[in-house]
Amino acid sequence: MRFFRLKSALTLLILTAIVVAAGCSNNTAAEKPSNGSDAGTAAGSPVKLTWWHSMSGNGEKAIKQIAADFNASHKDIQVEPVYQGKYDDSLNKLKASLGSNSGPDIIQVYEIGSKFMIDSKMITPVQQFIDADKFDLSQLEPNITRYYTIDGKLNAMPFNTSNPILYYNKDAFKAAGLDPANPPKTYDEFEKAAKALSKDGKSGASIAIYGWFMEQLFANQNADYVNNGNGRNQAATESLLNSDAGVKTLTWWKKMIDEKVVSNLGRNSDDTAKAFSAGQIAMTLDSTASLRNIVEQVGDKFEVGTGFLPRANEAKEGGVVVGGASLYIMNNKPEAQQKAAWEFIKFVASPAVQAQWSVNTGYFPITKAAYNEQVLKDNMVKYPQFQTAVDQLHASAQSTATQGAVMGVFPEARQIVEGAIEAVLSGQQQPKQALDQAAQEITGKIAQYNQTVKK
């Protein structure tokens with residue numbers, strides 16, 4: 001499974017749903033009284049939970065298996081997973097369900113929807129259940145829970161988690177006189193390798209125009225993406241896209257395009273992954289969640305190597321920001337359903353379930369003990385490249401930059417960033433000009449969002 005491309009339709013959602021939600025029930029599980037309508041109060045009947053998700057393909061199969069296994073072992077709680085389309089589609093459906101009982105008990109929301117979910121007042125933070133249950137958070141990967149921890153509390157349970165890594169063709173490296181055991185670690189090294197790999201008019205590498213990559217390349221320079229501690233000390237008010245970290249990155253990218261050592265295959269990262277798997281390019285950036293698919297598509301054509309995300313030459317520290325999605329418990333449901341939702345979420349976070357989830361999808365396990373499960377040990381032997389992703393996650397410095405930016409208009413911001421990258425790579429604008437314009441537009445959207453939240 002890979003990240004879904006974020007073709008956001010959240011502008012109307014952001015401007016209207018928060019106001020609507022504020023008028024809806026805001027009771028938490030601890031505050032909500034039993035009203036006789038709780039699911040499962042009838043003798044012998046189970047609590048029924050609806051889980052909205054956005055996984056298709058292998059991800060959906062894995063989700064259905066998780067629910068089936070839980071239902072078989074918990075006769076008092078029954079979970080029904082329901083696919084709601086991509087992340088934006090699911091959030092729009094959630095908005096439409098406000099004020100009724102038609103919405104989910106649990107919903108999977110992508111990481112950049114975090115601030116919206118908190119501001120919407122539609123959720124019961126999982127921290128409340130963690131505290132009441134004395135759930136040991138230390139069993140989870142700290143570099144994953146850090147992203148979803150805002151104002152000192154965990155609002156959602158991480159679920160599908162990934163980060164970007166370098167993929168390279170070891171056979172092509174050997175043929176070009178490069179060391180296949182030593183992938184490029186810096187911008188300069190990446191550019192030199194791309195030059196060596198380019199031949200017969202074909203570029204040696206390609207990077208998809210994906211806003212997520214720009215966010216990650218900021219973090220790998222230990223640079224915040226928005227102000228106010230990346231929006232974590234207080235609400236962000238300004239985009240920092242046009243800072244030195246952004247200009248340096250886009251200038252490097254454009255230079256390689258001009259030198260014809262990196263090709264532009266557009267915004268669809270699937271196209272770039274296919275070109276790499278076919279041997280048409282020898283280096284690319286992609287999600288760790290794509291590793292299994294890429295290795296299987298390559299087959300025996302060549303040996304796939306993986307490396308850390310390249311870092312700007314002067315950057316001394318940094319790391320990656322986790323991507324993916326987490327699970328939220330909705331607060332407009334009776335207490336029995338919210339508590340049952342927490343029981344299910346604990347099951348999902350268990351080592352055995354996380355190990356199987358990782359094997360079936362390619363996402364990180366969020367639970368450290370999952371790596372002790374035999375099924376995951378066997379998978380690491382089969383796909384040794386995944387160790388790079390684990391090492392990179394653990395090597396990331398702890399800072400607001402690697403914790404990840406928080407802003408209510410993140411989906412729109414990604415699209416604006418992709419437009420700026422596109423304009424520069426096509427020669428329509430210079431890097432500083434494009435990033436200045438994009439930062440101004442994002443800052444305007446942040447101001448509009450913040451004003452809406454205050455109302």
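In the annotation of an unreviewed UniProt entry, the entry for the protein chain reads ABC transporter substrate-binding protein, and the organism field reads Paenibacillus terrae.

(A) Up close: the overall build of the protein chain. Helix and strand counts for the protein chain come out as 20 helices and 13 strands. In summary, the protein chain has a C-alpha radius of gyration of 22 Å against a globular reference of 23 Å for 455 residues, a match within 12%. Expressed along its principal axes, the backbone C-alpha trace of the protein chain runs to roughly 75 × 50 × 35 Å. Taken over 455 residues, the protein chain has a buried fraction of 59%.

(B) Just helix 16 (residues 374–382), in detail. Along helix 16, the positions that sit buried rather than exposed are Leu 376, Asn 379 and Met 380. Along the axis of helix 16, the buried residues cluster in a sector spanning 100 degrees; they form a single face. Exposed and facing more than 90 degrees away from the buried side of helix 16 are Val 381 and Lys 382. Summarising the contacts, the buried residues of helix 16 are in contact with helix 15 (351–361) and helix 17 (386–395).

(C) Highlighting the nonpolar core. With 139 residues, the main nonpolar core has Met 117, Leu 241, Met 283 and Phe 344 as its most contacted residues. In terms of residue count, helix 19 (residues 410–425) provides more of this core than any other element does, eight residues in total. A domain split of this core shows at least three residues from each of domain 1 (47–162 + 322–395) and domain 2 (164–321 + 403–454).

(D) Looking closely at the packing of aromatic side chains. Counting across every chain of the model gives 21 aromatic pairs. For the ring pair Trp 212 and Phe 213, a centre distance of 5.9 Å and an interplane angle of 35 degrees mean the geometry is tilted. Summarising the burial analysis for this pair, Trp 212 and Phe 213 share the class buried. Ring geometry for Phe 218 and Tyr 225: centres 4.9 Å apart, planes at 90 degrees, overall edge-to-face. Exposure class is identical for Phe 218 and Tyr 225. Each is buried. Three or more aromatic residues joined by ring pairs make a cluster, and in this case those are Trp 51, Phe 70, Phe 159, Phe 344, Phe 347, Trp 357 and Tyr 363.

(E) Structural detail: the pattern of salt bridges. Across all of its chains, the model carries 17 salt bridges by this definition. For Asp 258, the salt bridge is made with Lys 254, and the minimal N-O distance between the two is 3.0 Å. With Asp 258 and Lys 254 both in helix 11 (residues 244–258) and four residues apart, this pair spans about one turn of that helix. Overall, Asp 258 belongs to the partly exposed group, its relative accessible area being 47%. Between Glu 296 and Arg 292 there is a salt bridge, with the nearest N and O atoms lying 3.3 Å from each other. In this pair, Glu 296 and Arg 292 are both assigned in helix 13 (residues 291–298), four residues apart and thus about one turn of the helix distant. The exposure class assigned to Arg 292 is partly exposed, which follows from its relative accessible area of 27%. Through salt bridges with shared partners, a single network forms among Glu 191, Lys 195, Lys 255 and Glu 259.

(F) The arrangement of unusual backbone geometry in detail. For Asn 222, which is not a glycine, the phi torsion comes out positive at approximately 60 degrees. Residue placement: Asn 222 occurs in the loop between helix 9 (211–219) and helix 10 (227–231). Phi at Lys 260 is positive, roughly 65 degrees, even though this residue is not glycine. Note on Lys 260: relative accessible area 62%, which makes it exposed.

(G) Inspection of the sheet that holds strand 9 (residues 205–206) at higher detail. Reading across from one edge, 10-9-11-8-12 is the order of the five strands in this open sheet, with mixed pairing throughout. Of all strands in the sheet, those bounded by a partner on one side alone are strand 10 (262–263) and strand 12 (304–307). Bridging between strand 8 (residues 164–169) and strand 11 (residues 283–287) involves five bridges; their strand directions are antiparallel. Looking at the pairing, Pro 164 lines up with Ser 287 of strand 11.

(H) Examining the packing of helix 5 (residues 126–133) against helix 14 (residues 335–348) more closely. Packing of helix 5 against helix 14 brings their axes to within 11 Å, and their N-to-C directions diverge by 80 degrees. With respect to their mutual orientation, helix 5 and helix 14 come out roughly perpendicular. On helix 14, the residues that touch Val 126, Phe 129, Ile 130 and Asp 133 of helix 5 are Gln 338, Lys 339, Trp 342 and Lys 346. Split by residue class, the contact of helix 5 with helix 14 holds four nonpolar, one polar and three charged.

(I) Structural context of helix 5. If you check which residues of helix 5 are buried, you get Val 126, Gln 127, Phe 129 and Ile 130. Taken end-on, helix 5 shows its buried residues confined to a sector of 160 degrees, consistent with a single buried face. Exposed residues on helix 5 whose side chains face more than 90 degrees from its buried face are Asp 131 and Ala 132. If you follow the buried residues of helix 5, they end up packed against strand 4 (123–124), strand 6 (153–154), strand 7 (157–162), strand 13 (323–330) and helix 14. Just downstream of helix 5 lies Lys 134, where phi reads positive at about 50 degrees.

(J) Inspection of the environment of Val 298 at higher detail. As for its placement among the helices and strands, Val 298 is situated in helix 13. Among the residues examined, Val 298 registers a relative accessible area of 1% and is labelled buried. For Val 298 and Val 381, which are 83 residues apart along the polypeptide, the C-alpha to C-alpha distance reads 17 Å. Filtering out sequence-adjacent residues up to four positions away, Val 298 remains in contact with Ser 277 and Val 304.

Scoring rules and cut-offs
- Residues numbered from 1 in each chain as written.
- Predicted model: local features only at pLDDT ≥ 70, side-chain atom pairs only at ≥ 80, totals over all residues.
- Heavy atoms only, no water.
- Helix = DSSP H or I, 4+ residues; strand = E, 2+ residues; numbered from the N terminus.
- Rg over C-alpha atoms; globule rule 2.2 N^0.38 Å.
- Buried < 20%, exposed > 50% of the residue type's maximum accessible area, 1.4 Å probe, protein only.
- Arc of directions from axis to C-beta.
- Contact = heavy atoms within 4.5 Å.
- Core = buried A, V, L, I, M, F, W, Y, C linked by side-chain atoms within 4.5 Å.
- Domains from an automatic or database assignment.
- Phe/Tyr/Trp six-rings, centres within 6.5 Å; stacked < 30°, edge-to-face > 60°.
- Salt bridge = Lys/Arg side-chain N within 4 Å of Asp/Glu carboxyl O.
- Pairing = 2+ DSSP bridges.
- Axes fitted to C-alpha atoms, helices over the stretch in contact; angles between N-to-C directions.
- Parallel < 35°, antiparallel > 145°, perpendicular 65-115°, else oblique.
- Nonpolar A, V, L, I, M, F, W, Y, C, P; charged D, E, K, R; others polar.

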